[in-house]
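# Structural description and commentary
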Amino acid sequence: ASWPEAYHDQAFMNNIHGQRINMDLPQRVGSGYVGRHGPDFLNFNDKWSQVLNMLYDHNGSVYMIDWYDANQCHHRRDDGHDRSNGRIYKVVYDNEPWTPVDLGAHRPEGWVRLQLHRNEWFALQARKRLMAHGGDAELFSLIDQLLVQTEDTVHRLRLMWTLSAIGGWSQEHGLAAMSDQDED
């Protein structure tokens, strides 16, 4: 959300042997993509650093779990890894303030409509809630209606994933999607 355009639509990967976060630039090749190495996003300059997981929040902050250990490779010795160390980082661009969110205040119909939100985090969290809630004919109908109304590729994909996740995806949906003009 708050990050500069240069970081949008890039692939960030943890490189445990390079103690850094790589940024790859996806380039279209045929029907898929190839990642070309771009500038490193972050270099810890510390051989013990091993970022294992990254998560983002609704404000665009990125949380990183760093398994801080001198041994980077797995082996079977019980004493081979230091399990007493570890770090959690929060990476924020331009002092982005944290804002509270209460997705529980929404009803299931609101979670469906959050699939149209510009921020992927809201759509993902709402989809998780819908998966736990389950689907019904009313929700399936609302999603079908939104699928027809929106032309945005990302929004349509989110709606299809949601429909599938809550048990509403049918063979008819699949056949219609195969003949869609949008390749995605």
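Thresholds, definitions, all that
Residues numbered from 1 in each chain as written. Predicted model: local features only at pLDDT ≥ 70, side-chain atom pairs only at ≥ 80, totals over all residues. Heavy atoms only, no water. Phe/Tyr/Trp six-rings, centres within 6.5 Å; stacked < 30°, edge-to-face > 60°. Helix = DSSP H or I, 4+ residues; strand = E, 2+ residues; numbered from the N terminus. Buried < 20%, exposed > 50% of the residue type's maximum accessible area, 1.4 Å probe, protein only. Pairing = 2+ DSSP bridges. Axes fitted to C-alpha atoms, helices over the stretch in contact; angles between N-to-C directions. Core = buried A, V, L, I, M, F, W, Y, C linked by side-chain atoms within 4.5 Å. Contact = heavy atoms within 4.5 Å. Polar contact = N/O pair within 3.5 Å; in protein donor to acceptor, adjacent residues only side chain to side chain.

This part covers the packing of aromatic side chains. One pass over the full model with this rule turns up nine aromatic pairs. A centroid spacing of 5.6 Å and a plane angle of 45 degrees characterise the contact between Trp3 and Phe41, whose relative ring orientation is tilted. Of this pair, Trp3 sits in the segment before β1 (11–15) while Phe41 is found in the loop between β3 (32–37) and β4 (42–43), placing the two residues 38 residues apart along the sequence. Side by side, Trp3 and Phe41 carry an identical accessibility label, which is buried. Note on Trp3 and Tyr93: the rings are 5.8 Å apart at their centroids and 35 degrees apart in plane angle, and the pair reads as tilted. Here Tyr93 lies in the loop between β7 (87–91) and α1 (108–113) and Trp3 lies in the segment before β1, a separation of 90 residues in the sequence. Clustering of aromatic rings is evident, with ring pairs tying together Trp3, Tyr7, Phe12, Phe41 and Tyr93.

If you trace the three strands from one edge of the open sheet to the other, you get β5-β6-β7, paired in antiparallel fashion. The open sheet has two free edges, formed respectively by β5 (51–56) and β7, since each of these has just one partner strand. Neighbour to neighbour, the strand axes of the sheet diverge by 20 degrees on average, direction disregarded. Two elements, β5 and strand β6 (residues 62–66), share five bridges in a ladder whose sense is antiparallel. Each bridged residue has a counterpart across the sheet, and for Val51 the counterpart in β6 is Asp66.

Core analysis: the largest hydrophobic core is formed by 18 residues, its most contacted members being Val112 and Ile143. Secondary-structure elements contributing two or more residues to this core are α1, α2 (120–133), α3 (137–149) and α4 (153–165). Considering each element in turn, this core owes the most residues, five residues, to α3. Residue contacts for Val112: discarding those within four places in its chain leaves Leu130, Leu139, Leu142, Ile143, Leu146 and Leu159. Core analysis: the second largest hydrophobic core is formed by nine residues, Met23, Val62, Met64 and Val91 among them.

The next thing to look at is the side chain of Asn59. As for its position among the elements, Asn59 is in the loop between β5 and β6. At 3.3 Å, the side chain of Asn59 and the side chain of His58 are in polar contact.

The subject of this paragraph is the side chain of Ser61. Mapped onto the elements, Ser61 comes out in the loop between β5 and β6. Take Ser61: its relative accessible area is 2%, and that puts it in the buried class.

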